[in-house]
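For reference, the chains in residue letters:
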Amino acid sequence: MLLPPRSTVLTTDRLLLRPSDAGDAARAFEIRSDPAVARMLSLARFPPDGDETADWFADHPREWAEGLAFRFAIERHDRMIGLIDLDDVSVDGREAEIGVWLEQACWGRGYAGEAARAVVDWAFGPLGLRRIRAGHAADNAGSARMVETFGFRHVGDVAVPSRSRGEEVLQRRYVLER
Ligand SMILES: CC(C)(COP(=O)(O)OP(=O)(O)OC[C@H]1O[C@@H](n2cnc3c(N)ncnc32)[C@H](O)[C@@H]1OP(=O)(O)O)[C@@H](O)C(=O)NCCC(=O)NCCS
């Protein structure tokens, strides 16, 4: 895989997606302080921890430079409204897992679908991925609809510990091939 430059910006009709960094941690903390957002993210601590969020965002440029994860802040009218990422990139650079979260005020307007379209096209185009994995909690109707729209194939269900809920949740797992 040819490493994409940090100057990569993806634009859609209504959104701008740019590589996230330490400067986005405060907004991310705000968005992830909403229990409705955090409960759908199995790795999210709830309530979020400011230092942990800051450390995570400060590490995004390194993850990108090492080809481990490509994370984009989603902006609408110059304001960060969420994050979309490809992480857990395989060693051969052919496969990654997609994730997305938005502030609740922005749900239901097609933004996640629009951002995901741009990232999937980029991933299967210039980035050269062959396969994208996805997973969502079984009670996440929005994500279920999204994977269906994009043509992801359901490959199974697994019980995973949810940090935000403090219990195991059933996660539905999918793949999308180029
Ligand atoms: C899941 C999430 C990213 C969806 O964002 P969104 O911008 O509201 O999604 P969109 O408006 O692009 O909708 C995509 C599709 O899902 C449908 N949808 C969205 N929310 C839905 C809901 N709660 N119930 C049923 N369908 C829903 C939309 O109608 C749309 O379907 P369509 O393509 O047939 O029109 C957003 O709700 C979110 O950030 N949730 C909290 C974090 C999260 O769940 N992240 C994903 C973890 S797997």
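Use the structure listed above.
Summarised in this report is the structure supplied together with it. (Residues numbered from 1 in each chain as written. Predicted model: local features only at pLDDT ≥ 70, side-chain atom pairs only at ≥ 80, totals over all residues.)

## Brief notes about the overall build of the protein chain
Along the protein chain, the regular secondary structure elements total 6 helices and 8 strands. Each helix and strand of the protein chain, ordered N terminal to C terminal, gives the series β-β-α-α-α-α-β-β-β-α-β-α-β-β. Its C-alpha atoms give the protein chain a radius of gyration of 15 Å, within 12% of the compact-globule value 16 Å for 178 residues. Overall size of the protein chain, expressed as C-alpha extent along the three principal axes, is 40 × 35 × 30 Å. Here the protein chain holds 178 residues, and the buried ones make up 34% of them. Considering only contacts within the protein chain whose residues lie at least 6 apart along the sequence, 60% involve residues at least 24 apart. (Helix = DSSP H or I, 4+ residues; strand = E, 2+ residues; numbered from the N terminus. Rg over C-alpha atoms; globule rule 2.2 N^0.38 Å. Buried ≥ 20, exposed ≤ 12 C-beta atoms within 10 Å, placed from the backbone. Contact = placed C-beta atoms within 7 Å.)

## So, the nonpolar core
One finds Leu17, Ile74, Ile84, Ala115, Ala116, Val119 and Ala123 to be the most contacted residues of the largest nonpolar core, which totals 40 residues. When residues of this core are traced back to their parent elements, those giving at least two are helix 1 (25–32), helix 2 (35–38), strand 3 (70–76), strand 4 (79–87), strand 5 (95–102), helix 5 (111–124) and strand 6 (131–137). At 8 residues, helix 5 tops the list of elements feeding residues into this core. Once you skip the residues sitting within four places of it in the chain, Leu17 turns out to touch Val9, Leu10, Phe72, Ile74, Ile84, Ala115, Ala118 and Val119. (Core = buried A, V, L, I, M, F, W, Y, C linked by C-beta atoms within 7 Å.)

## Considerations on the packing of helix 5 against helix 6 (residues 141–150)
Where helix 5 contacts helix 6, the two axes come as close as 11 Å, and the packing angle between them is 40 degrees. On the basis of the axis angle, helix 5 is oblique to helix 6. Considering how the two elements wind past one another, helix 5 and helix 6 form a crossing that is right-handed. Of the residues in helix 6, those touching helix 5 at Ala112, Gly113, Ala116 and Val120 are Met146, Thr149 and Phe150. Classifying every residue of the contact of helix 5 with helix 6 by side-chain character gives 5 nonpolar, 2 polar and no charged. (Axes fitted to C-alpha atoms, helices over the stretch in contact; angles between N-to-C directions. Parallel < 35°, antiparallel > 145°, perpendicular 65-115°, else oblique. Left-handed = near helix turned anticlockwise from the far one by under 90°. Nonpolar A, V, L, I, M, F, W, Y, C, P; charged D, E, K, R; others polar.)

## A few points about the site of the ligand
Taken together, 21 residues lie near the ligand, and Met40, Ala112, Gly113, Gly142 and Arg145 sit nearest. Tallied by class, residues from the shell around the ligand come to 11 nonpolar, 8 polar and 2 charged. (Near = placed C-beta within 6 Å.)

## Some words on helix 1
Within helix 1, burial applies to Ala25, Arg27, Ala28, Ile31 and Arg32. End-on, the buried residues of helix 1 take up no more than an arc of 160 degrees, which puts them together on one face. Of the surrounding elements, those touching the buried residues of helix 1 are helix 2, helix 3 (50–58), strand 4 and strand 5. (Arc of directions from axis to C-beta.)

## Observations regarding the pairing of strand 7 (residues 153–162)
Strand 7 sits mainly on the outside: 1 of its 10 residues count as buried. Note that strand 7 and strand 8 (residues 167–177) share 9 bridges and pair antiparallel. Its bridge partner lying in strand 8, His154 is registered against Tyr174. Hairpin connection between strand 7 and strand 8: a loop of 4 residues separates the two successive antiparallel strands, and Gly166 in this loop has a positive phi of roughly 70 degrees. (Pairing = 2+ DSSP bridges.)

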